[in-house]
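Fold and contact review
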Amino acid sequence: MGRGERGDLPDAEWERLRPFLPVSNGRCGRWRDHRQVIDGILHRVPTGVHWRDLPKRFGPWKTVYERHRLWSADGTWERLLQQVQAAADAAGEIDWDVSVDSTIVRAHQHAAGARMGPPPAPGASKGDKVRTPGRDTVAESGRPPGGGGERGESLGRSRGGFTTKIYLSADGRCRPLSLVLTAGQRADCTQFAPVLEKIRVPRLGSGRPRTKPDSVAADKGYSNRPCREYLRRRGIRHAIPEKTDSRAVRLRKGSRGGRPPGCDEERYKKSNTVERAINRLKNSRALATRYDKRGYVFLGTVTAAAIVVWLRT
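These notes cover the structure that comes with them.

What counts as what
Residues numbered from 1 in each chain as written. Predicted model: local features only at pLDDT ≥ 70, side-chain atom pairs only at ≥ 80, totals over all residues. Heavy atoms only, no water. Helix = DSSP H or I, 4+ residues; strand = E, 2+ residues; numbered from the N terminus. Buried < 20%, exposed > 50% of the residue type's maximum accessible area, 1.4 Å probe, protein only. Contact = heavy atoms within 4.5 Å. Areas by Shrake-Rupley, 256 points an atom, 1.4 Å probe, with all protein chains shown as cover. Patch = residues over 30% accessible without salt bridge, like charges linked within 9 Å, V, L, I, M, F, W, Y side chains within 5 Å. Salt bridge = Lys/Arg side-chain N within 4 Å of Asp/Glu carboxyl O. Lys, Arg positive; Asp, Glu negative; His and termini not counted. Charge placed at Lys NZ, Arg CZ, Asp CG, Glu CD. Phe/Tyr/Trp six-rings, centres within 6.5 Å; stacked < 30°, edge-to-face > 60°.

Let's shift gears to the overall build of the protein chain. Scanning the protein chain from terminus to terminus reveals eleven helices and seven strands. Within the protein chain, the proportion of its 313 residues that are buried is 49%. Nonlocal contacts in the protein chain, meaning residues at least 24 apart in sequence, comprise 66% of its contacts between residues at least 6 apart. Accessible surface computed for the protein chain: about 15,600 Å², of which carbon and sulfur atoms make up 48%.

We note that Ser-154 has phi near 60 degrees; this positive angle belongs to a residue other than glycine. Assignment of secondary structure puts Ser-154 in the loop between β1 (97-107) and β2 (156-158). One non-glycine residue, Cys-174, lies in positive phi territory at about 65 degrees. Turning to its location among the elements, Cys-174 is positioned in the loop between β3 (161-170) and β4 (176-183).

The grouping of Arg-225, Arg-232, Arg-252 and Lys-253 at the surface amounts to a positive patch. Relative to the elements of secondary structure, Lys-253 occurs in helix α7 (residues 244-253). Assessed through its relative accessible area of 43%, Lys-253 is described here as partly exposed.

Quick look at the packing of aromatic side chains now. If you walk through the whole model with that rule in mind, you get four aromatic pairs. Geometrically, the ring pair formed by Trp-51 and Tyr-65 is edge-to-face, given 5.5 Å between the ring centres and 65 degrees between the ring planes. Taken as a pair, Trp-51 in the loop between α2 (34-47) and α3 (61-74) and Tyr-65 in helix α3 lie far apart in primary sequence, 14 residues in all. You can call Trp-51 buried: its relative accessible area is 9%.

This part is about the side chain of Asp-74. Relative to the helices and strands, Asp-74 is located in helix α3. For the buried Asp-74, which has no salt bridge, the nearest side chain bearing the opposite charge is Arg-79, at an N-O separation of 4.1 Å.

Before going further, it helps to spend a moment on the environment of Arg-237. Turning to its location among the elements, Arg-237 is positioned in strand β6 (residues 237-239). Since its relative accessible area comes to 53%, Arg-237 is described here as exposed. Expressed as a C-alpha distance, the spacing of Arg-237 and Asp-264, which sit 27 residues apart in the sequence, is 9.5 Å. Other than its neighbours up to four places away in sequence, Arg-237 contacts Asp-214, Ser-215 and Val-216.

The structure is reproduced here in structure tokens:
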């Protein structure tokens, strides 16, 4: 079976990724064919197929899985996403009116039970405890990255069982700009600042990466003082409606309740862009249900799906 099968990267999309792919794995010389392996990873993302059941045209399933695991651990997927975003920003294709929201993902029963310890870095022995680059959740105690929750694997208990929550910011064209994972029971407002601080779009030429959106829209789950103070401190305009109970308390206090927070209704109408970005991501079965045991591997799966959204939008 030749190239061009369902889910494979077309030549144009491959050429956009190829210049940014790592050349060596740091252990045994050059990687084998990146394109074959990436096609295998991107076949698994929308289908949710078990790694062992990957079609043989992608090569050994373990090679595909190990490449995905290592790239999730060392931040390669995140860097690829940033480079694709940088190309779009240089072409003026990013709408910097950003929206923020979260979504719950039900974890399969096989997603629980991961072994303790951080992800192994390339070249490290199996028992080494290392700090993975770009993952500030890897502590000296050996907790793995991927957010809070059960043993740091972004797994939490809710009424539906094991769940993971994906927080994301999306541009005005419904494409993910940043991604954060936590356990499913975490409140949305707790990750408002982290998800905005992860926005980092490099410049193709000289200059600092862009980290500040023109404006931010979010629903009432983010309507509290810390979120508004964070935006005010960074000088970011926002459209966040006031909660009904907060408004009642403010009115009950009279003049001591202060002025109502401003909310641009026309700008708030664009907040559905993040919902549409979530729908695009959840078209992938490996995201709609979490099968990955490790939090950092699942974050890599979500990031790979986000890269596809950018390439095809």
